[in-house]
Amino acid sequence: GNQTLLSGFVLSALSKHPELQHLLFFTFCFIYTITIIGNLLIFMVTVHPSLRTPMYFFLRVLSFLDISTASTVVPKMLVSFLSEDRSISYMGCATQLYSVIFFAATECYLLAAMAYDRYVAICNPLRYTIIMNSRVCLSLVLLSCCSGNVVSVVQTAWVFTLPFCGPRKINYFFCDIPPLIVLSCTDTSLYEKQIILATALVIFTPFCLILVSYACIISSILKISSAEGRQKTFSTCSSHLMVVTLYYASGTLIYLRPKSTNSQDTKKVLALVYTTIIPTLNPLIYSLRNKEVKGVLAK
């Protein structure tokens, strides 16, 4: 434990084939560049006066979270592709774990807030501006951030009170809960149950709220007489549903069995989905499938 505290950890390579390191570097460097440019573009476009609605306010916050999540993981991963030194300090690992959990948990709650926004817009259109006023929107974002902070503080504190022994090598490309508790030389069964409970609070609770919101939305859409009207209304929700499905599914598969060593490679792929791929897809989904955003971009 003292040795780990002094020397930190060593992250494993994303691929075991050295000849692929440069190819992976350029691939993920390109993905990261697209993530930054795409989300910054969405952030700037949605400031346009014609897009100053609650939906685009939440979208700006989502873009910020996507940039933050990718920036917490990808730069360190890019350095590891070109360097044999893949070490990370004890405090650096704790900081990275806290940051990843904070941004990911906050995004889970924010996606639920975005679903509620769509519910109000479609089911109560005449009262939309009254219900979703600026104070309510800001409160939902702050509540998401506070909830994410509580989850990340508790999880990070619990992980780093575990005694680490044996090899310091983390079988992962960043500091996350599943590979870290594998390094612990104590019984972690109680902690694993706590992770499952946290997963329920962070993923299943917002997801249930999203399901309820979309059940009401679909019920309202089916009452629209014209097929064109139904299609137009549903198109405003389909982008959000795509993001929710990808994000919640990857998180659930990673954290429901945190100490399953047989699926570490699978968990690496799933972790890549929510830390690098989804932050890249979000601006593409929300811009290419949104006529208002494309209109402002054209201007």
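Heads up: the structure comes first, above all this text.
What you see is a predicted model, and the numbers here were worked out from it, not measured in a lab.

**Student:** Describe in detail empty space enclosed by the protein, supporting the description with residues and values.
**Tutor:** For the structure shown, the criterion picks out two cavities of 30 Å³ or more. Counted as a void, the largest cavity has a volume near 270 Å³. If you trace the largest cavity, you find 18 residues lining it, with Ile-101, Ala-104, Val-202, Ile-203 and Tyr-255 closest to the centre. Breaking the lining of the largest cavity down by element, the ones donating at least two residues are α4 (90-123), α6 (134-159), α8 (189-222) and α9 (227-255). Looking at the lining of the largest cavity residue by residue, the class counts come to 15 nonpolar, three polar and no charged. As a volume, the second largest cavity reaches approximately 40 Å³. In this structure, the second largest cavity is lined by Leu-11, Ser-12, Lys-76, Met-77, Ser-80, Arg-86 and Phe-173.

**Student:** An account of the sheet that holds strand β2 (residues 87-88) is needed here, citing residue identities and associated values.
**Tutor:** Strand order in the open sheet made by the three strands is β2-β1-β3, with mixed pairing throughout. Each end of this open sheet is capped by a strand with a single partner; those strands are β2 and β3 (169-170). One ladder, built from two bridges, connects strand β1 (residues 9-11) with β2; its direction is antiparallel. Its bridge partner lying in β2, Val-10 is registered against Ser-87.

**Student:** I'd like a rundown of the state of the cysteines, residues and numbers included.
**Tutor:** Scanning all chains against the criterion turns up one disulfide. Put simply, Cys-93 and Cys-175 are joined by a disulfide, and their sulfur atoms are 2.0 Å apart. Handedness of the Cys-93-Cys-175 disulfide follows from its S-S torsion of about -120 degrees: it is left-handed. Of this pair, Cys-93 sits in helix α4 while Cys-175 is found in the loop between β3 and α7 (177-182), placing the two residues 82 residues apart along the sequence. Comparing Cys-93 with Cys-175 shows no difference in burial state: the two are buried. No disulfide involves Cys-145; its sulfur sits 6.9 Å from that of Cys-146, the nearest cysteine.

Analysis parameters
Residues numbered from 1 in each chain as written. Predicted model: local features only at pLDDT ≥ 70, side-chain atom pairs only at ≥ 80, totals over all residues. Heavy atoms only, no water. 1 Å grid on protein atoms, 1.4 Å probe; cavity = no way out; pocket = protein on both sides within 12 Å on 5 of 7 lines; lining within 4 Å. Points joined across faces, edges and corners; volume = space filled by probe spheres on them. Helix = DSSP H or I, 4+ residues; strand = E, 2+ residues; numbered from the N terminus. Nonpolar A, V, L, I, M, F, W, Y, C, P; charged D, E, K, R; others polar. Pairing = 2+ DSSP bridges. Disulfide = S-S within 2.5 Å. Buried < 20%, exposed > 50% of the residue type's maximum accessible area, 1.4 Å probe, protein only.

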